[in-house]
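Remarks on the overall topology
Residue-level listing of the chains:
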Amino acid sequence: MLLGAIVAALLATPALAADPRRPYVVNGDEIKASLTGRAGDPARGRAIVANRQVGLCLLCHTGPIPEERFQGDLAPDLGGAGGRWTEGQLRLRVVDAERFNPTTIMPPYFRTEKLARVAKAFADKPILSAEQIEDVVAYLATLKD
Amino acid sequence: MSLGSAGHVLLGLLVSLTAPALAQAPGERRSGYHDMSPSLQAMQDDEIANPGMLWVLDGEAMWNRKQGAAAKSCADCHGAVSTMAGVAARYPAFSGANPRPVDLAQRINLCRTDNQKADAYPYESKELLSLTAVVTRQSKDLPIAPPADPRLAPFVAAGADLFTQRQGQLNLSCAQCHEDNAGRKLAAATIPQAHPIGYPIYRLEWQSLGSLQRRLRNCLIGMRAEPYAYGADEYVALELYLASRARGMPIEAPGVRP
């Protein structure tokens, strides 16, 4: 009975977790803590990275996703990213790449401020939700070589 | 052309009179034509196969048709359409008493309203595209030649400013793609240098001719930025900047693109 109530409460939390303004703390060049308080799912992350309407990553990057043809070549190969960077560095990179490189072309995936003339359909929404960011980070962390 | 957008351009030009010169050296400039497959290049080159020529032919018929309360054709005032050689090469420009520079389609609509006493054609209408196409075709192979009109300078500067300004949810600027990454692959597309020399253009994806404003709108939508309304001063400013950047490049219109 009690267990059932806890499970129900857990299932109800996504509404809270989807808040785009969920705050995060930057330590040095990392966001150490998960944006959701939970680990992401690498399989879902891979699907987000591969999807040209959701992640958009392969517009610019190449990555070890052989079934996707026509990958971009204006950004580093994502293969090995999890070996080059800690999970916290990957999280900050996806959340707001300008923290690493102020002139980067990589979009800020979890930022809604300091943007100009955002189309109405996307106003005040981050490109990816906190859950999606965690899934992507979990996937990138698996790319050790 | 609302006051609001005029104010926006004015604001832009105040900060951008010192805009950095970004344009590629003439030897490095390259038409988007060279990034297409040989079969699409052949389609553009062949007057029979180039679908854009259908609009040119329609435009030629319209050139001679009497219109509006004045019951005058374009030919009644200008003579043969061949007298338009060189005109498209110098637009956008100041024209008549209009207080702001206009692009070629807007100039054609000024002739509609002022000289033919007819209604302006809507942007991207078949009629406006056809007249723009036939006038531009008269400048085929002529170099882009923006006029040395000092009144244009602040508008060109405003366009340069818009070109380098990040916008949209993806926080990109035109220059980040078309200056910094031209020639690289954005998924399947080779990023062109964004020269306006083929417009209006037949795009297979559109299955239609389309204006340069339509192309700019598509890039803005890709950036997830709010596109300016057709006819906005921002487009004319961008078109002026693109023309200044392409000065001397030969006109290819109507171009073909995938």
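Relevant structure appears above.
Residues numbered from 1 in each chain as written. Chains lettered and ligands numbered in written order. Predicted model: local features only at pLDDT ≥ 70, side-chain atom pairs only at ≥ 80, totals over all residues. Heavy atoms only, no water.

**Focus: the interface of chain A and chain B**
Many analyses report the size of an interface as the accessible area lost when the parts associate. To keep it simple, the criterion reads: Contacts are residue-level and defined by heavy atoms, with any inter-residue pair within 4.5 Å sufficient. Buried surface area refers to the total accessible area, computed with a probe of radius 1.4 Å, that the two partners give up upon joining, counted for both partners together. A pair is scored as a salt bridge if a Lys or Arg side-chain nitrogen falls within 4 Å of a carboxyl oxygen belonging to Asp or Glu. Distance and chemistry together define a polar contact, namely a pair of N or O atoms within 3.5 Å, with one atom able to donate a hydrogen and the other to accept it when in protein, and with adjacent residues in sequence counting only for side-chain atoms on both sides.
Contacts between the two partners involve 30 residues from chain A and, on the opposite side, 22 residues from chain B. Between chain A and chain B, the buried area comes to about 2100 Å², and carbon and sulfur atoms account for 54% of it. Considering only the surface of chain A that becomes buried against chain B, Leu74, Ile105 and Arg117 of chain A emerge as the three largest contributors, covering 31% of it. Counting across the chain A and chain B interface gives two salt bridges. Put simply, Lys120 of chain A and Glu226 of chain B hold a salt bridge, and the shortest N to O gap is 3.1 Å. The interface formed by chain A and chain B contains 15 residue pairs in polar contact (both at pLDDT 80 or more).

**Focus: the side chain of Gln193 of chain B**
All names here are of chain B. This is how the line gets drawn: Only runs of H or I of at least four residues qualify as helices and only runs of E of at least two qualify as strands under DSSP, and these elements are numbered from the N terminus. Note on exposure labels: buried denotes an accessible area under 20% of the residue type's maximum, exposed denotes more than 50%, and partly exposed covers the range between, all computed with a 1.4 Å probe on protein chains only.
With respect to the secondary-structure elements, Gln193 resides in the loop between β2 (189–190) and β3 (201–203). A relative accessible area of 12% places Gln193 in the buried class. A polar side-chain atom of Gln193 sits 2.9 Å from a polar atom in the side chain of His195.

**Structural notes on the pattern of salt bridges**
All names here are of chain A. Scanning the model with the defined rule gives 21 salt bridges over all chains in all. Notably, a salt bridge pairs Arg91 with Glu134, separated by 2.9 Å at the nearest N-O pair. One end of the pair, Arg91, is in helix α6 (residues 87–95); the other, Glu134, is in helix α7 (residues 130–142), and 43 residues separate them in sequence. The exposure class assigned to Arg91 is buried, which follows from its relative accessible area of 1%. A relative accessible area of 3% means that Glu134 is categorised as buried.

**Things to note about the environment of Glu47 of chain B**
Residue and element names in this part refer to chain B. Structurally, the position occupied by Glu47 is in the loop between α2 (38–45) and α3 (52–63). Measuring from C-alpha to C-alpha, the distance between Glu47 and Glu179 comes to 32 Å, with 132 residues separating the pair along the chain. Beyond its immediate stretch of four places on either side in the chain, Glu47 contacts Met53 and Arg137.

**Some details on the sheet that holds strand β5 (residues 255–257) of chain B**
All names here are of chain B. Rules: A pair of strands is treated as paired once DSSP finds two or more bridges between them. With axes taken as lines fitted to C-alpha atoms, and helix axes fitted only over the stretch in contact, angles between N-to-C directions fall between 0 and 180 degrees.
Pairing is mixed across the open sheet formed by three strands, whose spatial order is β4-β3-β5. Each edge of the open sheet carries a strand with a single partner, namely β4 (208–210) and β5. Each strand axis lies, on average, 35° off the axis of its neighbour in the sheet, ignoring direction. Both β3 and β5 contribute to a ladder of three bridges, which runs parallel. The residue of β5 that forms the bridge with Arg203 is Arg257.

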